Amino acid sequence: MCAATAAARGRSVLVIDHANKAGKKILMSGGGRCNFTNMYTEPGNFLSQNPHFCKSALARYTQWDFIDLVASYGVPYHEKKLGQLFCDNKASDILGLLLAECKRTGAEVRLNTSVQEVKAVEGGYRVLTSGGALACTSLVIATGGLSIPTLGATGFGYQLARQFGHTVLPTRAGLVPFTITDQLKALCTELSGTSVDCIASCNGHSFRENLLFTHRGLSGPAMLQVSSFWAAGDKVTLNLLPDHDALSWLQAAQAERPNAELRTLLGDLFTRKMAQLLCDTWFESRPLKQYTPAQLQAVADQLGHWELVPAGTEGYRTAEVTLGGVDTREVSSKTMESMKSPGLYFIGEVLDVTGHLGGFNFQWAWASGYAAGGVC
């Protein structure tokens, strides 16, 4: 995005990528269909220690601008839910249009090229690569974060930022599954592959999405969302009955179906296996008429306010994003240019700007790339 935008202004642009294929993260995103933006993108969908930083770029290149670009290439897409836009066909449609934009504007993309050294020189920068030395007046760091190292992710961008005097805020895995190691591990393993609607909450932030049980713990969109707000030792609270007031629902069922067993009632909402396992883990399943008001309250509290403390997360290996990064208080919010080293720019995930799940991180990539490409 940055390269095509800069080249369209008549700049001579070269993209250097150490990977053997462009856009690997684009290709694997969204289950291979690329959740390329979100119709409801706004600054509140982003985490940063400097929350106002993202506003300028997001306002100047919006989700509608990228949707127009997608439409101009005839790429079919659909809304999955909650404003999340996915390709009808495959993620390579998005990569293809970005590469086509580079080709159209004259920006060159050079793969299999690693950077060995960067030096500030008079009038710009000298970049020593595996393909030889290069000179430039503007240098844009678009190296992403630490997530999914098997795709080639490294901390190179943070290293360069520090080299030029920038503060790099502590990084950690975000949008990542939780691991469970206590007595709930058996429940998670037994229910591996089971998905349920829930409201997940952590440290004052709540998301209604699906929860997925895995052999290692808890995943699914609900868990990925709250993981960005979680720190070791924090509680995560799950409401497994998002459409009901748990106690009122149980009391009504007790009055209407007094002879029904609790596991039968739960089986109306969950799979029979899950209903049975929840009863085995937390409750004694017996006819509803046999529960006292206090016991019914306890069942309601467990279903509507299940508190757990994850052992940890799966880390960068499966994380969708990296939280933290280059401190945005040392970068221009309008141009993405370094306040420490003129002609140096930072865009995308390398900055301390992290979106929620659902296309927001791609929109930040497009918007920040456009902001830098318009001036660099």
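Residues numbered from 1 in each chain as written. Predicted model: local features only at pLDDT ≥ 70, side-chain atom pairs only at ≥ 80, totals over all residues. Heavy atoms only, no water.

(A) Layout of the UniProt feature "domain: RsdA/BaiN/AoA(So)-like Rossmann fold-like" (unreviewed entry) in the chain. Residues given the UniProt feature "domain: RsdA/BaiN/AoA(So)-like Rossmann fold-like" (unreviewed entry) here are residues 1-373. Within the segment residues 1-373, helix and strand shares are 32% and 24% respectively, and the terminal C-alpha atoms sit 8 Å apart. (UniProt positions renumbered as here; feature names shortened; annotations may be inferred. Helix = DSSP H or I, 4+ residues; strand = E, 2+ residues; numbered from the N terminus.)

(B) Region of interest: the sheet that holds strand S8 (residues 124-129). Taken together, the three strands give an open sheet; going across it, the order is S7-S8-S9, and neighbouring strands pair in antiparallel fashion. Both edges of this open sheet fall to strand S7 (115-121) and strand S9 (132-136), since each of them pairs with a single strand only. Averaged over neighbouring strand pairs, the angle between their axes works out to 20° when direction is ignored. As defined by bridge partners, S8 adjoins S9 across five bridges and the pair is classed as antiparallel. Pairing of Val127 across the sheet is with Leu134, part of S9. (Pairing = 2+ DSSP bridges. Axes fitted to C-alpha atoms, helices over the stretch in contact; angles between N-to-C directions.)

(C) Up close: the packing of helix H4 (residues 63-72) against helix H5 (residues 92-105). Where H4 contacts H5, the two axes come as close as 10 Å, and the packing angle between them is 90°. Regarding the angle of H4 to H5, the classification is roughly perpendicular. Taken together, the residues of H5 that come into contact with H4 (itself represented by Phe66, Leu69 and Val70) are Ile94, Leu97, Leu98 and Glu101. Its residues placed into classes, the contact of H4 with H5 shows six nonpolar, no polar and one charged. (Parallel < 35°, antiparallel > 145°, perpendicular 65-115°, else oblique. Contact = heavy atoms within 4.5 Å. Nonpolar A, V, L, I, M, F, W, Y, C, P; charged D, E, K, R; others polar.)

(D) Examining the nonpolar core more closely. Phe66, Ile94, Met336, Phe346, Leu351, Trp364 and Trp366 are the most contacted members of the largest nonpolar core, which totals 60 residues. The dominant element in this core, judged by the number of residues it contributes, is helix H13 (residues 360-373), at seven residues. Setting aside its immediate chain neighbours within four residues, Met336 contacts Phe53, Ala57, Val331, Leu344, Tyr345, Phe346, Ile347, Leu351, Trp364, Ser368, Ala371 and Ala372. Counting 48 residues, the second largest nonpolar core, distinct from the first, contains Leu47, Cys198, Cys202 and Leu218. (Core = buried A, V, L, I, M, F, W, Y, C linked by side-chain atoms within 4.5 Å. Buried < 20%, exposed > 50% of the residue type's maximum accessible area, 1.4 Å probe, protein only.)

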